[in-house]
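Understanding the architecture of this molecule
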Amino acid sequence: MKNTIAYISLTFLMVLFGSSVLHGQELFGLSEQGIQEETISANYQFDYIPDFTYDQVAQRIKEMETEMPFELNDRIFSFINYFVVRNRDYARMVMEREATYFPLFEKVLADHNMPDDIKYLAIIESGLNPRAKSRVGAMGLWQFMPATGRMYNLQANIDIDDRMDPELSTDAAAKYLKSLYNMFGNWELALAAYNCGPGNVRKAIRRSGGKKTFWGVYDYLPRETRSYVPQFQAMMYILRNTHEHNLFLEEPTYAMSYEKIKFNQELDLEQLAQVTGVCVEDLELLNPSIKNRLIPSSHKHIALNVPAAKAALISENYQIFKDDVTLTDERIVALRTAKLIEPAISAGEATGTLITYKVRSGDVLGSIAQRHGTSVTNIKNLNNLQSNTIRVGQSLQIYSNNTSASTPTVTKAIATTETGSKVYTVQPGDSLWLISKKLSGVTIDEIKKLNNLNSNQIKPGQKLIIG
């Protein structure tokens, strides 16, 4: 373990992040200040961390099959050390998200005849968060600045930002990176140019006396870019060797299966969720480029990603609820205003009754938040959740504002049968989603199972067993 101790004590303090502001993509979420705080304040974790040496890591890298080979050095080793020792939570967060985005990255990179390992760059850019926003205004998985985004037809307005669309932005990133590779003839320099801009890389080449490798021009690059490529290479190693460093997920994660549906009209996502029984948070998760839960007339041609389990229901019954999901001027104002004030509500004082909620089968954060009159953001902040992933049996602290279960309308619609079962009479305008929202603790899936329903279709006057 002598090598490890030496590199932690010497290399780690010497080589960690720079903080210069660049005009292209920036290193996401790992500022110089953040690293200093990690260095000063010990991050104690009750987590077994296997010993490893520089030579062991070097041998594993030598055996890696990759189209982007690299050799271990002190700089790369320091970042490997950081992510597998000091910041294991970040590594696990990335492991949770890779199942959602890596298949898409792999397909697009293959279509463009590019190395598969470029997919790891999105980890350094955004932490695999499609809604990530940098301090200088870069957005999305690939952190496009507005001007660069427009060069690759990624448009943005008050309601839609294509830079946050995983498919569009990944295709744009592949095209941009390939053009940089054609410019410099070297993938490491292409990655550096993606971070700091091709102008800065050309300047570094000139100042180095014409050297044309990343490590040849390393000393002449912006400080932040010097960390950028080594972090990328560290992630190439780590995600291939998670088991060697005891990095495992408590439960495997799976991407939500979805299908695309074109509505060819303005669309109110909250109303769509209400009439179809789809969780609006799931629609937001599948469509991160939609900022205000609406599709405006300027983008009515786009296809909406919907959960695969609901796709047939929506397609077959679209004409029935078409008018219900059409945007009105009042709804546009309401939805945009709600998004503007949401951060203030989330950051303000918590209201309601603090309860402990135990996650049950079929729960998602969106449905839990709706039942308790709060937001997903508030639940995540209160419970220090880094993603929307929750597991059955997990306890969540929630400030519940739900009083709807005791309102006269709901109470009158509930009756108790002679056998002791509770029955709810469907009201005009009800959907299974609305009913589950009214009846705290009852999910859509539970209602369907109790009543042997094969679809989400219900009608006024219908009796539903709810418990």
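Here the structure is a predicted model, which is why all the values come from computation and not from measurement.

**Description of the packing of helix α9 (residues 187-196) against helix α12 (residues 223-238)**
Direction vectors running N to C along α9 and α12 enclose 130°, while the axes themselves pass 9 Å from each other. Compared by their axis directions, α9 and α12 come out oblique. Regarding α9 and α12, the two cross each other, and that crossing is right-handed. Along the contact surface, α9 presents E188, L191, A192, Y194, N195 and C196, while α12 presents E224, T225, Y228, V229, F232 and Q233. Of the residues belonging to the contact of α9 with α12, the class tally is seven nonpolar, three polar and two charged.

**Comments concerning helix α13 (residues 269-276)**
Listed as buried for α13 are L269, L272, A273 and T276. End-on, the buried residues of α13 take up no more than an arc of 100°, which puts them together on one face. N-capping of α13 is provided by D268, with a side-chain oxygen placed 3.1 Å from the backbone N of E270. Phi turns positive one or two residues past the end of α13, at G277, with a value near 80°.

**So, the sheet that holds strand β8 (residues 422-425)**
Spatial strand order, β7-β8-β9: three strands in an open sheet with antiparallel pairing. Two strands close off the open sheet at either side, each with one partner strand: β7 (414-416) and β9 (463-465). Across this sheet, the average inter-strand angle for adjacent strands is 35°, counted without regard to direction. The pairing of β8 with β9 spans three bridges and is classified as antiparallel. Within the sheet, the bridge partner assigned to T425 lies in β9 and is K463.

**Looking at the pairing of strand β4 (residues 303-307)**
Extensive coverage of β4 is indicated by the burial of four of its five residues. Pairing of strand β1 (residues 258-262) with β4, which is carried by five bridges, proceeds in the antiparallel orientation. Within β4, the position partnered with K262 by the bridge is A303.

**A look at the packing of α9 against helix α10 (residues 198-207)**
The description of two packed helices rests on the angle between their axes and on the distance between the axes. In the contact formed by α9 and α10, the axes pass within 7 Å of each other and the chain directions differ by 125°. With respect to α10, the axis of α9 lies oblique. Here L189, A192, A193 and C196 of α9 lie close against α10, whose contacting residues are P198, N200, V201 and I205. Within the contact of α9 with α10, the residues separate by chemical class into seven nonpolar, one polar and no charged.

**Quick word on a positive patch on the surface**
Taken together, the side chains of R202, K203, R206 and R207 make up a positively charged region of the molecular surface. Residue placement: R202 occurs in helix α10.

**Looking at the side chain of T170**
In this fold, T170 is placed in helix α8 (residues 166-184). Not counting residues up to four positions away in its chain, the partners in contact with T170 are L104, F105, V108, W142 and D165.

**Structural notes on the layout of surface pockets**
Considering only enclosed or pocket space, the second largest pocket measures out at about 450 Å³ in volume. Along the walls of the second largest pocket sit 24 residues, with D162, D165, L168, S289 and I302 positioned nearest its centre. Only α8 and β4 provide two or more residues apiece to the lining of the second largest pocket. When grouped by side-chain class, the residues that make up the lining of the second largest pocket number 11 nonpolar, seven polar and six charged.

**Let's talk about the packing of aromatic side chains**
Throughout the structure, instances matching the rule amount to 17 aromatic pairs. Residues Y152 and Y176 carry aromatic rings whose centres are separated by 5.6 Å and whose planes lie at 45° to one another, so their mutual orientation is tilted. In this pair, Y152 sits in the loop between α7 (146-151) and α8 while Y176 sits in helix α8, placing the two residues 24 residues apart along the sequence. Both rings, one in F214 and one in W215, keep their centres 4.9 Å apart while their planes meet at 85°; by these two values the pair is edge-to-face. On the basis of relative accessibility, which here comes to 0%, the residue F214 falls in the buried class. Relative accessible area serves as the criterion here: at 33%, W215 is assigned to the partly exposed category. Put simply, the rings of Y101, F102, F105, Y120 and W142 touch in pairs and so form one group of aromatic residues.

**Brief notes about the environment of M164**
Relative to the elements of secondary structure, M164 occurs in the loop between α7 and α8. Between the alpha carbons of M164 and A132 there is a distance of 8.2 Å; along the sequence they are 32 residues apart. Once residues within four sequence positions are removed from consideration, M164 is found in contact with P130, R131, M139, G140, P288, S289 and K291.

About the criteria used
Residues numbered from 1 in each chain as written. Predicted model: local features only at pLDDT ≥ 70, side-chain atom pairs only at ≥ 80, totals over all residues. Heavy atoms only, no water. Axes fitted to C-alpha atoms, helices over the stretch in contact; angles between N-to-C directions. Helix = DSSP H or I, 4+ residues; strand = E, 2+ residues; numbered from the N terminus. Parallel < 35°, antiparallel > 145°, perpendicular 65-115°, else oblique. Left-handed = near helix turned anticlockwise from the far one by under 90°. Contact = heavy atoms within 4.5 Å. Nonpolar A, V, L, I, M, F, W, Y, C, P; charged D, E, K, R; others polar. Buried < 20%, exposed > 50% of the residue type's maximum accessible area, 1.4 Å probe, protein only. Arc of directions from axis to C-beta. Polar contact = N/O pair within 3.5 Å; in protein donor to acceptor, adjacent residues only side chain to side chain. Pairing = 2+ DSSP bridges. Patch = residues over 30% accessible without salt bridge, like charges linked within 9 Å, V, L, I, M, F, W, Y side chains within 5 Å. Areas by Shrake-Rupley, 256 points an atom, 1.4 Å probe, with all protein chains shown as cover. Salt bridge = Lys/Arg side-chain N within 4 Å of Asp/Glu carboxyl O. Lys, Arg positive; Asp, Glu negative; His and termini not counted. Charge placed at Lys NZ, Arg CZ, Asp CG, Glu CD. 1 Å grid on protein atoms, 1.4 Å probe; cavity = no way out; pocket = protein on both sides within 12 Å on 5 of 7 lines; lining within 4 Å. Points joined across faces, edges and corners; volume = space filled by probe spheres on them. Phe/Tyr/Trp six-rings, centres within 6.5 Å; stacked < 30°, edge-to-face > 60°.

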